[in-house]
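What the coordinates show
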Amino acid sequence: MRTTVVQMAPGSSLPDNIDQARRLIEAAIHTDRPDLVVLPEMWSCLGGTRDVKFASAEELPAPGAADDAAGPLYRFMRDMARTHGITLHGGSIGERRGDRLMNTSLLFDPHGVERARYRKIHLFDITTPGGEGYRESDTYAPGGDIVTASVGPFTAGLAICYDIRFAELFLTLRRQGANLIVLPAAFTAETGEAHWATLLRARAIETQCWIVACGTTGTHIDAEGNARRTYGHSMIIDPWGTLVAQATNGAGWATARLDMEVVQKVRAGIPVIDHRRLPL
């Protein structure tokens, strides 16, 4: 299954972000002919004030609702999947839920039908060693459901960004049948340089899954007017922990062919799931 991670440099303008996503997706499809395309976390609005985040978010229709029940973000992702005959993992967008937002991933099949919806479980409330503070929970509420979905010959487990630091989620996805895990992200430049590749390779090795990790890149402005940099370096890693495709800095994409035989070979050689003695 040919898989493309589309690395974006989003800001707080929803129309500009949609235009950037469209250009990159269409260029990647023209060049690499992927079956699965993955966008990054919060590509629709990165930075800006709380009001800007709410204005760029939307209430999501019930799965299977009429086409005209959807907002512009939902319609864009659905129509891109349908028009190009691809499976589209829409990274994540802001979903309005009362006075809070959810950080929500949507997965569309090649007919534009929604197949999965995942809301980020672990919220990014941290202070980096360099002193940058982040309080995702000031605007967003956490999800609680663990989600898998069929994607071509694979069973995909869904996670978002900070989830990568919680191995129990990934091991649970493996126990629920995942052999591919998709992780959109907006990793900070500081934590990305220190931990991004290490964490992704660790999750791939311990779950023996393909890891498809799509990040944002570039600089955006937060609610207080501070410039924030995200790390980029979107990656596709095989179940042995080998990096098979990577974007570097700047907007662009990277593509790799995911092979189920690699999963089967790695799991047969080191059957860790059968050897596990401690409960999750």
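Positions within a chain are numbered from 1, following the residues in the order the chain's sequence is written. Totals for whole chains, interfaces and linings use all residues, but because this is a predicted model, local features are given only for residues with pLDDT of at least 70 and pairs of side-chain atoms are given and counted only at 80 or more. Where side-chain values are given, they derive from all heavy atoms of the structure, hydrogens and water being excluded.

1. Some thoughts on the overall build of the protein
Helix and strand definitions follow DSSP, with helices as H or I runs of at least four residues and strands as E runs of at least two, each counted in order from the N terminus. Summing up its helical and strand segments, the protein has seven helices and 17 strands in all. Only the C-alpha atoms count toward the radius of gyration. The rule for a globule is 2.2 Å times the residue count to the power 0.38. The C-alpha radius of gyration of the protein comes to 18 Å, within 12% of the 19 Å expected for a compact globule of 280 residues. Reported as C-alpha extents along the three principal axes, the dimensions of the protein are approximately 50 × 45 × 35 Å. Every one of the 280 residues in the protein was classed for burial, and the buried ones make up 57%. For the protein, contacts bridging at least 24 residues in sequence account for 68% of all contacts bridging at least 6. Of the roughly 11,800 Å² of accessible surface on the protein, a fraction of 49% belongs to carbon and sulfur atoms. Each residue is assigned to one of three classes by its accessible area relative to the maximum for its type, calculated with a 1.4 Å probe on protein chains only: buried under 20%, partly exposed between the two thresholds, exposed over 50%. Only heavy atoms matter for contacts: two residues are in contact if any of them lie within 4.5 Å across the pair. Only the protein chains shown count as cover for residues, with accessible areas throughout obtained via the Shrake-Rupley method and a probe of 1.4 Å.

2. A word on the side chain of S234
Mapping S234 onto the fold places it in the loop between β14 (227–231) and β15 (235–237). Pairs of N or O atoms within 3.5 Å make up the polar contacts considered here, provided that, within protein, one atom can donate a hydrogen while the other can accept it, and that residues adjacent in sequence are counted only when both atoms are side-chain atoms. In terms of polar contacts, S234 uses its side chain to reach the backbone amide nitrogen of G215, at 2.8 Å. Setting aside its immediate chain neighbours within four residues, S234 contacts V5, Q7, A213, C214, G215, A245, Q246 and A247.

3. Comments concerning unusual backbone geometry
The phi torsion at C161 lies on the positive side, around 45 degrees, for a residue other than glycine. Considering the arrangement of structural elements, one finds C161 in the loop between β10 (154–158) and α4 (167–175). At H233, a position not held by glycine, the phi torsion is positive, near 55 degrees.

4. Some details on the nonpolar core
To define a nonpolar core, start from buried Ala, Val, Leu, Ile, Met, Phe, Trp, Tyr and Cys residues and group those joined through side-chain atoms within 4.5 Å. L180, L183, F187, W196, L200, I236 and L258 are the most contacted members of the largest nonpolar core, which has 49 residues in total. Contact partners of L258, with chain neighbours within four places excluded, come to M1, T3, F154, L180, W210, V212 and I236. If you look at the next biggest cluster of nonpolar residues, it comprises 24 residues, including I18, L60, I93 and L106.

5. Observations regarding the UniProt feature "domain: CN hydrolase" (unreviewed entry) in the protein
Annotation from UniProt places "domain: CN hydrolase" (unreviewed entry) at residues 1–260. The span residues 1–260 is 26% helical and 32% strand by assignment, and the distance between its end C-alpha atoms comes to 9 Å. UniProt positions are given in the numbering used here, feature names are shortened, and annotations may be inferred rather than shown by experiment.

6. Here's the deal with the packing of α4 against helix α5 (residues 189–207)
In this description, a line fitted to the C-alpha atoms serves as the axis of each element, helices being fitted only across the stretch in contact, and the angle between N-to-C directions of two axes falls anywhere from 0 to 180 degrees. Running from N to C, α4 and α5 cross one another at 35 degrees; their axes reach a closest spacing of 10 Å. The element α4 and its partner α5 pack so that their crossing is right-handed. Along its contact with α4, which presents A167, F170, L171 and R174, the element α5 presents R203, E206 and T207. Working rule for handedness: look at the near helix, and if it is turned counterclockwise from the far one by less than a right angle, call the crossing left-handed; if clockwise, right-handed.

7. Points about the sheet that holds strand β9 (residues 148–151)
The strands that make up a sheet are held in pairs by hydrogen bonds between backbone atoms, and each pair lies either parallel or antiparallel. Here we have six strands laid out as an open sheet, ordered β9-β10-β11-β12-β15-β16, and mixed in their pairing. Bordering the open sheet on either side are β9 and β16 (243–246), each of which pairs with just one other strand. Here the strands of the sheet are splayed against their neighbours by 20 degrees on average, with no regard to which way each runs. Criterion used throughout: strands pair if DSSP finds at least two bridges between them. Note: β9 against β10, four bridges, orientation antiparallel. Opposite T148, over in β10, you have G157 as the bridge partner. Contacts from α5 reach β11 (180–185), β12 (210–215) and β15, with the element oriented near 30 degrees to β15.

8. Examining the packing of aromatic side chains
Note on aromatic pairs: the rings of Phe, Tyr and Trp (six-membered ring only in Trp) are paired at centre separations within 6.5 Å, and the planes decide the class, stacked below 30 degrees, edge-to-face beyond 60, tilted for the rest. Counted according to the given criterion, the structure contains six aromatic pairs. Ring geometry for Y162 versus F166: centroids 5.3 Å apart, planes at 85 degrees, classification edge-to-face. Classification of Y162 as buried rests on a relative accessible area of 16%. Seen from their ring centres, F187 and W196 are 4.9 Å apart, and the 55 degrees between their planes marks the pair as tilted. Using a relative accessible area of 7% as the deciding quantity, one classes F187 as buried. Taking the relative accessible area as the measure of exposure, W196 reaches 1% and is therefore buried. Each member of the aromatic cluster is reached from another via a ring pair, and the members are F124, Y134, Y162 and F166.

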